[in-house]
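Coordinate inspection notes
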Amino acid sequence: MVDDTTAQVAGVSVDLRHWIGGRRVASTGRFVDVSPIDETEIASLHAGGATEVDLAVQAAREAFPAWAALPVAERSAILRRVADGIEARVEDLAQVETRDNGSLLRSHRRGVMPRVAMNFRFFADYAEKELGHPDLDVRGHRERISYDPAGVVAIITPWNAPLMLASWRIGPALAAGNTVVLKPPEWAPLTASLLADIMHEAGVPAGVFNVVQGTGLEAGAPLTAHPGINRLAFTGSVPTAGRVAAAAAANIVPLSFELGGKSPLVVFADADLDLAVDLAVEQFDNAGQVCLGAFRILVQDTIADAFLERVIAKARNVRQGDPREEDTDVSAMVSRTHFERVSGFVERALADGARAVLGGGPNDDLGGLFFRPTILVDAPAGSEILTEEVFGPVLTVQTFSDEEQAVELANDTRFGLAATLVTGDRARAERVSHRLEAGTVWVNCFFVRDLGAPFGGNGKSGIGREGGIWSFDFYTDIKNTVFSPTGWMESAHG
Ligand code: NAD
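Keep in mind it's a predicted model, so treat the numbers as computed, not measured.

1. A short note on the sheet that holds strand S15 (residues 296-300)
One open sheet holds the 7 strands; their spatial order is S16-S17-S18-S15-S14-S19-S20, and the pairing between them is mixed. On the outer flanks of this sheet lie strand S16 (355-358) and strand S20 (440-443), each paired with one strand and no other. Recorded for the sheet is a direction-independent mean angle of 25 degrees between the axes of neighbouring strands. As paired strands, strand S17 (residues 374-377) and strand S18 (residues 394-400) are joined by 4 bridges and run parallel to one another. If you follow leucine 376 over to S18, its bridge partner there is threonine 396. Where helix H9 (residues 273-282) meets the sheet, its contacts fall on strand S14 (264-267), S15, S18 and strand S19 (418-422), and the angle it forms with S14 comes to roughly 165 degrees.

2. Things to note about the packing of helix H2 (residues 72-88) against helix H4 (residues 105-129)
Viewed as axis vectors pointing N to C, H2 and H4 meet at an angle of 170 degrees, and their least axial separation amounts to 8 Å. Between H2 and H4, the crossing angle belongs to the class labelled roughly antiparallel. In this structure, H2 uses Val72, Ala73, Ser76, Leu79, Arg80, Val82, Ala83, Asp84, Ile86 and Glu87 to contact H4, whose residues at the interface are Met113, Val116, Ala117, Phe120, Arg121, Ala124, Asp125, Ala127, Glu128 and Lys129. When its residues are assigned to classes, the contact of H2 with H4 shows 12 nonpolar, 1 polar and 7 charged.

3. Section: the domain arrangement of the chain
The domain architecture assigned to the chain consists of domain 1 (6-259 + 457-480) and domain 2 (264-443). Computed over C-alpha atoms only, the centres of domain 1 and domain 2 are separated by 31 Å. Every contact between the two is made by 24 residues of domain 1 and, on the other side, 30 residues of domain 2. A buried area of about 2,300 Å², summed over both sides, lies between domain 1 and domain 2, and 55% of it is on carbon and sulfur atoms. In this assembly, domain 1 and domain 2 are joined by 3 salt bridges. With its nearest N and O atoms 2.9 Å apart, the salt bridge here joins arginine 106 to aspartate 329. Summed over the shared surface of domain 1 and domain 2, the number is 14 residue pairs in polar contact (both at pLDDT 80 or more). Considering each element in turn, the side of domain 1 that touches domain 2 owes the most residues, 4 residues, to H4.

4. A short note on the nonpolar core
Ile170, Phe209, Val267 and Phe307 are the most contacted members of the largest nonpolar core, which totals 115 residues. Counting residues per element, this core draws most heavily on H4, which supplies 9 residues. A domain-level breakdown of this core finds at least three residues from each of domain 1 (6-259 + 457-480) and domain 2 (264-443). Look past the residues within four positions of isoleucine 170 in its chain and what remains in contact with it is Phe120, Ile155, Val180, Leu182, Leu195, Met199 and Phe209. Membership of the second largest hydrophobic core comes to 24 residues, among which are Ala59, Ile156, Val181 and Leu259.

5. Section: the site of the ligand
Residues in close proximity to the ligand total 29 residues, the closest being Lys183, Glu186, Ser237, Thr240 and Glu389. Side-chain polar atom of tryptophan 159 to an oxygen atom of the ligand: 2.9 Å apart, as the coordinates give it. Note that an oxygen atom of the ligand is positioned 3.3 Å from one of the backbone N or O atoms of glycine 236. Burial of the ligand by the protein amounts to 90% of the accessible area it has alone, namely 860 Å². Sorting the residues of the shell around the ligand by element identifies helix H7 (216-224), strand S12 (231-235) and helix H8 (238-251) as the ones contributing at least two each. The leading source of residues in the shell around the ligand is H7, at 4 residues. Both of domain 1 (6-259 + 457-480) and domain 2 (264-443) provide at least three residues apiece to the shell around the ligand.

6. Here's the deal with helix H15 (residues 468-475)
An α-helix turns once per 3.6 residues; consequently, residues spaced three or four apart project the same way. Listed in full, the buried residues belonging to H15 are Gly468, Ser471, Phe472, Phe474 and Tyr475. The arc enclosing the buried residues of H15, seen along the axis, measures out at 160 degrees, which places them on a common side.

What counts and how
- Counting of residues starts from 1 at the beginning of each chain's written sequence and follows it residue by residue.
- Per-residue local features are limited, in this predicted model, to residues with pLDDT of at least 70; the limit for side-chain atom pairs, both in listing and counting, is 80 or more; totals at the level of whole chains, interfaces and linings are taken over all residues.
- Here the side-chain values reflect all heavy atoms present in the structure, with hydrogen atoms and water set aside.
- Pairing between two strands is assigned when DSSP locates at least 2 bridges connecting them.
- Numbering of helices and strands runs from the N terminus, with a helix taken as a DSSP run of H or I at least four residues long and a strand as a DSSP run of E at least two residues long.
- Note on geometry: axes are lines fitted to C-alpha atoms, helical ones only across the stretch in contact, with angles between N-to-C directions running from 0 to 180 degrees.
- Should any heavy atoms of two residues lie within 4.5 Å, those residues are counted as being in contact.
- Any angle between 65 and 115 degrees counts as roughly perpendicular, while under 35 counts as roughly parallel, over 145 as roughly antiparallel, and the rest as oblique.
- For this classification, the nonpolar set comprises Ala, Val, Leu, Ile, Met, Phe, Trp, Tyr, Cys and Pro, the charged set comprises Asp, Glu, Lys and Arg, and every other residue, Gly included, is treated as polar.
- Domain ranges listed in this record stem from an automatic or a database domain assignment.
- A quick way to say it: buried area is the sum, across both parts, of accessible area lost when two parts are put together, with a 1.4 Å probe.
- Salt bridge, as used here: a side-chain nitrogen of Lys or Arg that lies within 4 Å of a carboxyl oxygen of Asp or Glu.
- Two N or O atoms count as a polar contact when they lie within 3.5 Å, although within protein this holds only if one can serve as hydrogen donor and the other as acceptor, and sequence-adjacent residues are included solely when both atoms are side-chain atoms.
- What we call a nonpolar core is a set of buried Ala, Val, Leu, Ile, Met, Phe, Trp, Tyr and Cys residues that are connected through their side-chain atoms within 4.5 Å.
- Relative accessibility decides the category of a residue: with a 1.4 Å probe and only protein chains considered, values under 20% of the type maximum give buried, values over 50% give exposed, and everything between is partly exposed.
- The criterion for a residue being near a molecule or strand is simple. One of its heavy atoms has to lie within 4 Å of it.
- The protein chains shown are the only cover counted for residues, whose accessible areas, like all others here, come from Shrake-Rupley with a 1.4 Å probe.
- Note: the arc covers the axis-to-C-beta directions of the helix.

Have a look at this one:
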């Protein structure tokens, strides 16, 4: 800690206050930020509440008319400078995020932070070059569809990929001409503060982007209930989403939800087994703290033993350890609370009759918050471990006999974020993918997605879709203006 307003985290100076109306704002309360790597305190942040939320929404409202009126090319140029700023600070962002939420440094450097920059660049380009429709001509009436900015967008994000998930919402919201109030996760709040610095340096006007730090109850809840917001984009868990939805209902604000999952990985006997094994083991990435993770492995019974043997053998070579080391594959749980939650799920599953064929508990060699990559078999049908989101490095394995049963098991969930299918048969791929109930279906691949494609969940996994035009559908007020051919003082064609 340098002083009460700044901390040095992984050698990077991070401001611990809010960013409101183009300046740093302090609070009297504090909340402590602990690193999952070694459970040490890395920062004590200023804890916002209703007062700071109100200031931020006011600042965003004041900044809105000028930002919305800026020609789209100018707004997009500023957002491209934000992307440049992120690219210039990839190393700082990666170091701080790793210290803060314990995800792998190498993934942050090579994949996640470049994608953060892309979230700004892509939507800036889209708003400038692709948003809009040719006018419709209906019996001589010209109908013009326009995407008007909606106003102030409240964005609330979780800790598992904090900057990536925030930028995925902030990019299109700002590109559409809205202003933003972000409430980052209290378990990983730091990169949001660095983003405020980058926005400022890139020339984003005061009040266009605001950050209120704080806990969900103290800062998140007043933001969701604030009468000055026009959109509410929430990424997080189902229980919290219920509370957020209640606030949005009272406020009559459109909302977009990206929530949890319990996605299947369906492996048919005709699959390329090397690929299927790789995809199964890939689910341990980010210690299983991935909303899209395919943690329910469903494998055809004729190959189940051979497949499982190979998955276990490969998973044994997964290296667990410090996320800052280049050869680490699996890191720690984000917090003591979450570690205990994951442990509880596995303990109850074992008590219910499941068997651990790999792992099954904390990694006592490493101590701290490290939970061993775990594979469970024989979990009773309908049991908690097969139905609830664990959000940890825990895979379950079930078998099926034919295509019908595979589809039935895959769809037997209240979630519907994603599904992954591994088969060597194209006709089967067409049939089964068509029947899988999920927002994203991957066939013989995983985690590949263009920013122009729709993303979102069915069932309890979310409400709405984002990406490409679907983001602008949410972040704008779409208007149809109908011009009559008559009533003009001069010739309609003149
Ligand atoms: P969470 O629901 O506990 O918290 C998410 C955010 O909501 C945090 O910023 C928190 O402070 C805030 N919050 C908490 N209570 C609030 C309230 N009453 N009002 C307003 N805000 C409140 O979720 P988490 O544990 O941070 O994240 C993990 C969850 O996020 C998992 O369920 C995961 O699947 C989900 N997730 C979904 C996606 C997706 O794109 N579908 C992506 C990442 C994570």
